[in-house]
Amino acid sequence: MTDTLDKALSAARDAAGAAADIIQHYWRAGVDVITKGDDTPVTIADRESELAIREILARALPEAGIYGEEYGADDTTREWLWLVDPLDGTKSFVRRTPFFSTQIALMHHGELVLGVSSAPVYGERMWAVKGRGAYLDGERVHVADTATLAQASISTGNVKTLTADARWNVLGELIRESNRIRGYGDFCHYHLLARGGLDLVIESDVSILDIAALAVIVREAGGVFTQLDGGALSLETRSVLAGTPGLHATALARLHGATMA
C-alpha cells in the first residue's frame, strides 16, 4: 500500500499542476459561463482541467475509479476511488476573486487516505497522506492548540440549510462567545485551520468532492474533521464541522444538544 500511495501522491500533485496551468490560462483570457441543470455555473476551465486530471490519475493508478464534478463517476465500488473537483469555487472564478481551487482526494475501501488542495491564483498548495502529516508548499503544518471559545477564531462557509433549524441559534451563541468570526469559505478556511490560522470551521451545504482532500489535510495537521452531527464522511456528506480537537468537541456537544432539544 505504501508504494501505491507514493505513486498516487505524485500523480495527484502532477494532476493539480496540470489543472493549474489550464485554470490560470482561462483566468487571464476569460471564459463564457454555462449554467448547469442545478443552477450552478460551469466553464471550459472546469471541464478541460478535469479531463487533464483524469488522464494523469488513470495512467498512474488504472485500478482506481474516478468520481469527478463535471464528468461523474465511472465506478465508485472499486478498492481505490479518486474524488475530483477540478475547479471548486467556480462562482468565485467567474467573478474574478481568487477563492477557488482544485481538489483531488483518494479513498481506499471508503476511507479518505490522500488529499491535494491546489489554489493557483491564491498561491497555495497543500497535501497530505494518512499517517504522514500535512504540508503547505513542502513545509509541515499543524493546527493551533486553541482549546477555548474565548480564544477561538471561527469561520463559516455555506450555511443556508443551517439557518432553517435550531442549530442556527447555537451558531449565534458560539460566535458571541468566540474571539472573532470570519467567513473565508471554500478551500481557504480549511487551509487556515490546518496551518493554525483559525480554529473552527462550520458549513452545512457542501459536496464530498469539495472537502474530501481538505479533510485528509486537516486531520493530518492534528485537527478533527466530521459532519456537523459528528458522523464520518462518506460520498453522501453534505456538512462539515472541523476544528482543533478541543473546539470541535465543544461545538459538537452544543450542536448535538440543539438537535436533541
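Think of each chain on its own: its residues are numbered from 1, step by step along the sequence as written. Totals for whole chains, interfaces and linings use all residues, but because this is a predicted model, local features are given only for residues with pLDDT of at least 70 and pairs of side-chain atoms are given and counted only at 80 or more. Hydrogens and water molecules were not included; the side-chain quantities draw on all heavy atoms of the structure.

- Going by what an unreviewed UniProt entry lists, the chain is known as Inositol-phosphate phosphatase and is assigned to Luteibacter pinisoli.
- UniProt positions are given in the numbering used here, feature names are shortened, and annotations may be inferred rather than shown by experiment. Under Sequence similarities (unreviewed entry), UniProt gives the following word-for-word description of the chain: "Belongs to the inositol monophosphatase superfamily."

Brief notes about the packing of aromatic side chains
Phase 1 of the analysis: Put simply, two rings from Phe, Tyr or Trp (the six-membered ring, in Trp's case) pair if the centres are within 6.5 Å, and we call them stacked under 30 degrees between planes, edge-to-face over 60, tilted for the rest. Following the criterion strictly, the structure yields 7 aromatic pairs and no others.
Phase 2 of the analysis: Ring geometry for Trp127 against Tyr135: centres 6.4 Å apart, planes inclined by 20°, an arrangement best described as stacked.
Phase 3 of the analysis: Residue Trp127 is classed as buried on the basis of its relative accessible area, which comes to 10%.
Phase 4 of the analysis: Relative accessibility decides the category of a residue: with a 1.4 Å probe and only protein chains considered, values under 20% of the type maximum give buried, values over 50% give exposed, and everything between is partly exposed. Assessed through its relative accessible area of 23%, Tyr135 is described here as partly exposed.
Phase 5 of the analysis: Taken together, the ring pairs in this structure connect Trp27, Phe93 and Phe100 into an aromatic cluster.
Phase 6 of the analysis: The cationic tip of Arg13 hangs over the ring face of Trp127; the distance from NZ or CZ to the ring centre is 3.9 Å.
Phase 7 of the analysis: The ring centre of Trp27 lies 3.9 Å from the NZ or CZ of Arg96, which sits over that ring. Should the NZ of a Lys or the CZ of an Arg lie within 6 Å of a ring centre and within 35 degrees of the ring normal, that charge is described as sitting over the ring.

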